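# Per-entry structural report
So the chains spell out like this:
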Amino acid sequence: LRDGGMLSGLELPETAHGPVVIYPVGFGVEAAWLSEALPDHQLVGADPDGEKVRVASRVVGADADIRTGRLEDLGGDTDGLKTGMVVLTGRPPGSPDPQTMLRAAAGHLAAGGHLIILAQAPEEKRPWFHGLAEKFTSEPELYNPAAVEAFLRREGFQQIQRNPVAESTTLWIRAEKA
């Protein structure tokens, strides 16, 4: 995944502080890599699919806080979890609209925190059956880059960067909260 795979375009910020949030955590592959790449940070992840959480918890290990639930639920009844980095790997089926998800993710960030989002490059033509298959599976729907970047600019995020994933129609978008 790291060399030439999904995580190849993901450049982690060196200035991140506090816990790292990943949503949805899925089966824990990206979470395990983040845990390895950022050993001094606590990893917090959530996914609405309990079976994926069960597997991810085993993949990532006991040091991570992986739970069943929504992004909006992280942090409990307090002001929410404040973190230095939130990584969104898509929107699970049945989740709120993209703007609501992005707003929830931004709400978990402390000033200077980094929001990292996996997006589908819309300019790339994909076979029609990919979209149909995504509607009937439990895989997360990827974000639209133009909509993500418009949200980030509107919310005052800085240093917006696009990093393509090798041999893929996906890309990582990274920005810093002002």
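Let me begin by describing the structure that accompanies this report. (Residues numbered from 1 in each chain as written. Predicted model: local features only at pLDDT ≥ 70, side-chain atom pairs only at ≥ 80, totals over all residues. Heavy atoms only, no water.)

Along the protein, the regular secondary structure elements total five helices and seven strands. Start at the N end of the protein and walk to the C end: the helices and strands fall as β-α-β-α-β-β-α-β-α-α-β-β. Within the protein, the proportion of its 178 residues that are buried is 44%. Pairs at least 24 residues apart make up 65% of the contacts formed inside the protein by residues separated by at least 6 positions. (Helix = DSSP H or I, 4+ residues; strand = E, 2+ residues; numbered from the N terminus. Buried < 20%, exposed > 50% of the residue type's maximum accessible area, 1.4 Å probe, protein only. Contact = heavy atoms within 4.5 Å.)

With omega at -15 degrees, the peptide bond leading from Tyr23 into Pro24 counts as cis. Residue position: Pro24 is located in the loop between strand S1 (20–23) and helix H1 (29–37). Here Gln159, not a glycine, exhibits a phi torsion of approximately 50 degrees, which is positive. Mapped onto the elements of the fold, Gln159 is located in strand S6 (residues 158–164).

Those residues of helix H5 (residues 145–154) not exposed but buried are Pro145, Val148, Glu149, Phe151 and Leu152. The arc that holds every buried residue of H5, seen down its axis, measures 160 degrees, which confines them to one face. Facing away from the buried side of H5, by more than 90 degrees, are the exposed residues Arg153 and Arg154. Where H5 begins, the capping side chain belongs to Asn144, and its oxygen is found 2.9 Å from the backbone nitrogen of Ala146. (Arc of directions from axis to C-beta. Polar contact = N/O pair within 3.5 Å; in protein donor to acceptor, adjacent residues only side chain to side chain.)

Moving on to the sheet that holds strand S2 (residues 43–47). Read across the open sheet, the seven strands follow the order S3-S2-S1-S4-S5-S7-S6; overall the sheet is mixed. Either end of the sheet is taken by a strand with one partner, and the two such strands are strand S3 (65–68) and S6. Each strand axis lies, on average, 15 degrees off the axis of its neighbour in the sheet, ignoring direction. By the bridge criterion, five bridges tie S6 to strand S7 (residues 170–176) in an arrangement that is antiparallel. (Pairing = 2+ DSSP bridges. Axes fitted to C-alpha atoms, helices over the stretch in contact; angles between N-to-C directions.)

Now for the nonpolar core. Counting 26 residues, the largest nonpolar core has Leu71, Leu88, Leu115, Tyr143, Leu152 and Phe157 as the members making the most contacts within it. Sort the elements by how many residues they give to this core and helix H3 (residues 98–107) lands first, with five residues. The residues contacting Tyr143, other than those within four sequence positions of it, are Leu88, Gly90, Arg91, Pro98, Met101, Leu102, Ile117, Leu118, Ala119, Gln120 and Val148. Ranked by size, the runner-up nonpolar core spans 22 residues in total, among them Ile22, Val25, Met85 and Leu118. (Core = buried A, V, L, I, M, F, W, Y, C linked by side-chain atoms within 4.5 Å.)

On inspection of all chains with the given rule, the structure shows six salt bridges. For the salt bridge of Glu72 with Arg70, the shortest nitrogen-to-oxygen distance reads 3.7 Å. When the shortest N-O distance is used, the salt bridge between Arg162 and Glu149 registers 2.8 Å. Taken as a pair, Arg162 in strand S6 and Glu149 in helix H5 lie far apart in primary sequence, 13 residues in all. Judged by its relative accessible area of 13%, Glu149 is buried. Overlapping salt bridges bring together Arg70, Glu72 and Asp73 as one network. (Salt bridge = Lys/Arg side-chain N within 4 Å of Asp/Glu carboxyl O.)

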